[in-house]
Amino acid sequence: MDKNTKKGNSFVHIITPFILLFLCIGILLIVIIKPYDKLKVYLNLAFMDELKTTPEAAGSGLVLRDNDIIEEYNGETFDNGEVIRPKFGEMYAVMKCSAFDISIPVYWGSSSELFEHGACQSSGSVVIGETGNTVISAHEDTFFSELYKLEKGDTVTLNTTFGEFRYEVTEKISFNKKDGKYVAPSYESKLTLYTCKRNVLGSADERIGVVCEPTEKKFYKKAGEALTN
Amino acid sequence: MRKPVTYLLSLVFSVILVFTLIGSSAILLIDINATGKKLNDLASRQKLDQKIYTEIEKYYKDKYNTTGIPADVYMSAINNSYIRSCEEAYINAAFDALESRSKINMSLPKNKQLENNIEVFFNDFAEKNGYEKDDKFELKLRKSKESAYASIGSYCDVYKFAAMDNHGVLSKLSKIYSYRILMTAAVLSANVILILLLIFVNRKKKIVTMYWCGICSLIAGVLGSCPSIYLLTTRFYDSFSIKQAAVFTAFTSMMYRYTEAFMAVHIALAVIGITLIVIYGIIHDKKTYPGTKPTEI
């Protein structure tokens, strides 16, 4: 009897470290997924400027241009003004919203290289501040990793070189990448943000995002006034 | 370990203890290694100034085609010690911002020679081409000086603190960094509390606590050291696509250093764990069979 108890005790002593190890690995894997995604975004944001100064980037034909975006403008602002049409590869806006705890640079045009640097605005859509559909997208594993967090009523702010524009989320959307319904031009002013639906098994055809309505426009210059950079 | 309740409670506390041990070692490492002084030392050991000098030189040579300003105007005013002082200015300003939870507030060290070189070049150019030295001239001159400082500074910011600050990453980090001492105290206290709880749960046979602490320390050591060994042996950080040589060296050497320190601490934890388990084994056997002597052969 004593022998059996001792055997059982020894078995428990041996098996316990393994039970503990598997429990900890399981918990660690579950806990680490989110911080790892965030770390990836932060590293991307910190080191994304590198490509701009390298000969490889120049060789690809992409000319990236960064602008100093005014995020706290103290001067007089106007409800109506003139927008500055950016060039391809130009960072002309910075996006902030309650779902993201980082500010995201917005580039005009879209290419795989530009997507490495920030969110991209389709050049077929209208410039922020103009009447029509402004369509901005980004990778789901970097800049729009938390887009799914946006809910109806949330505020999205876009600071551009020529003004500050606020939008309110009115609709959460989900569509197939072949469906152009949400990215098509429109007569009313709106902002459409979208990204790929997270798919662990591979590339996704589904897109998720939000549609926002403008709530506030603050142009730094009146319409017709000379705009200087 | 005969009662299932005692066993399960010990297991639960042990799981938590494993994570608090990993957490405390990580926070202690941040406390010790993530300081302006350590990063300055690291940058100085890696001799980044020479790499930065080469990059700035290449930048101004490439820019000559568009600005018409020869690289020598800038490069003759920059030396390794100036670059080093700019690197330090960025690191110190970043850690000040992290401490004070504010934005980076810094200006690069003044370089009279650089300003003088630009002024001489502009004046010579104006005289040769009969250009009037009006307000526009002065504005252009001022902007060129500012741009020179900005360009040189961007190359000297090897840890990309300015980019992190601009995108709001630094402010996020500052929330963790400014509370690091409080967090260290919290995780260390948590360790003590968990050990006391293990003693309480196993109060009828206190020696078992040594076994639980031993396996916790061993598992924490394994969980921390295995990924670190993998990262170091595969030279994982070398695969990062950071294209500025100085930034790449600075970032990867910092990551390797932190990983090495993390690995060393966890190997130590694993050794402590094994030692505790062995001691437990010896004491436990003696208690189970008191007075037993080894069989004489």
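Residues numbered from 1 in each chain as written. Chains lettered and ligands numbered in written order. Predicted model: local features only at pLDDT ≥ 70, side-chain atom pairs only at ≥ 80, totals over all residues.

Engineer: Would you mind going over the nonpolar core with me for this structure?
Structural biologist: Nonpolar side chains tend to gather and get buried jointly when the protein is soluble and globular. Residues and elements named next belong to chain B. Ala94, Cys156 and Ala250 are the most contacted members of the largest nonpolar core, which has 35 residues in total. Where this core is concerned, the elements lending two or more residues are α2 (36-45), α3 (48-67), α5 (80-100), α6 (112-129), α7 (135-156), α8 (161-166), α9 (169-177) and α12 (245-288). Per element, the largest residue contribution to this core is nine residues, and it comes from α5. Looking at this core, you find at least three residues from each of domain 1 (4-33 + 179-288) and domain 2 (50-167). Leaving out residues up to four positions away in the same chain, Ala250 has contacts with Ala43, Gln46, Leu48, Val158 and Tyr159. (Core = buried A, V, L, I, M, F, W, Y, C linked by C-beta atoms within 7 Å. Buried ≥ 20, exposed ≤ 12 C-beta atoms within 10 Å, placed from the backbone. Helix = DSSP H or I, 4+ residues; strand = E, 2+ residues; numbered from the N terminus. Domains from an automatic or database assignment. Contact = placed C-beta atoms within 7 Å.)

Engineer: What is the right way to read the packing of α2(B) against α5(B) from this model?
Structural biologist: If you want to describe how two helices pack, look at the angle between their axes and the distance between the axes. Residues and elements named next belong to chain B. It is at 9 Å that the axes of α2 and α5 come closest, and there the two elements cross at 155 degrees. Looking at the two axes, α2 sits roughly antiparallel to α5. The handedness of the crossing between α2 and α5 is right-handed. Only Arg84, Glu87, Glu88, Ile91, Asn92 and Phe95 of α5 make contact with α2, whose side of the interface consists of Gly36, Leu39, Asn40, Ala43 and Ser44. Here the residues of the contact of α2 with α5 sort into four nonpolar, four polar and three charged. (Axes fitted to C-alpha atoms, helices over the stretch in contact; angles between N-to-C directions. Parallel < 35°, antiparallel > 145°, perpendicular 65-115°, else oblique. Left-handed = near helix turned anticlockwise from the far one by under 90°. Nonpolar A, V, L, I, M, F, W, Y, C, P; charged D, E, K, R; others polar.)

Engineer: What's the story with the pairing of strand β3 (residues 104-108) of chain A in this structure? I'm lost.
Structural biologist: Where a strand is regular, its side chains alternate between the two sheet faces. All names here are of chain A. Most of β3 is tucked away, with five of its five residues classed as buried. Where burial is concerned, the two faces of β3 agree: the one with Ile104, Val106 and Trp108 and the one with Pro105 and Tyr107 are both buried. Here β3 pairs with strand β4 (residues 119-121) via three bridges, running parallel. By the bridge assignment, Tyr107 is partnered in β4 with Cys120. (Pairing = 2+ DSSP bridges.)

Engineer: It is not clear to me how the pairing of strand β8 (residues 190-196) of chain A should be interpreted in this structure. Could you clarify?
Structural biologist: Residue and element names in this part refer to chain A. A large share of β8 lies buried, amounting to seven of its seven residues. The pairing of strand β5 (residues 133-137) with β8 spans five bridges and is parallel. Directly across from Ser137, in β8, lies its bridge partner Tyr194. Here β8 runs beside strand β9 (residues 206-219); their pairing, made up of six bridges, is antiparallel. Among the inter-strand pairings, Leu193 is bridged to a residue of β9, identified as Val210.

Engineer: Quick question: what am I supposed to make of unusual backbone geometry here?
Structural biologist: Residue and element names in this part refer to chain B. Even without being glycine, Lys47 reaches a positive phi, approximately 50 degrees. On the secondary structure map, Lys47 appears in the loop between α2 and α3. Here Lys47 falls in the partly exposed class, since 13 other C-beta atoms lie within 10 Å of it. Here Lys160, not a glycine, exhibits a phi torsion of approximately 55 degrees, which is positive. Tracing the backbone through its elements, the reader meets Lys160 in the loop between α7 and α8. With 27 C-beta atoms counted inside 10 Å, the residue Lys160 sits in the buried group.

Keep in mind that these numbers describe shape and distance, not what the molecule does.
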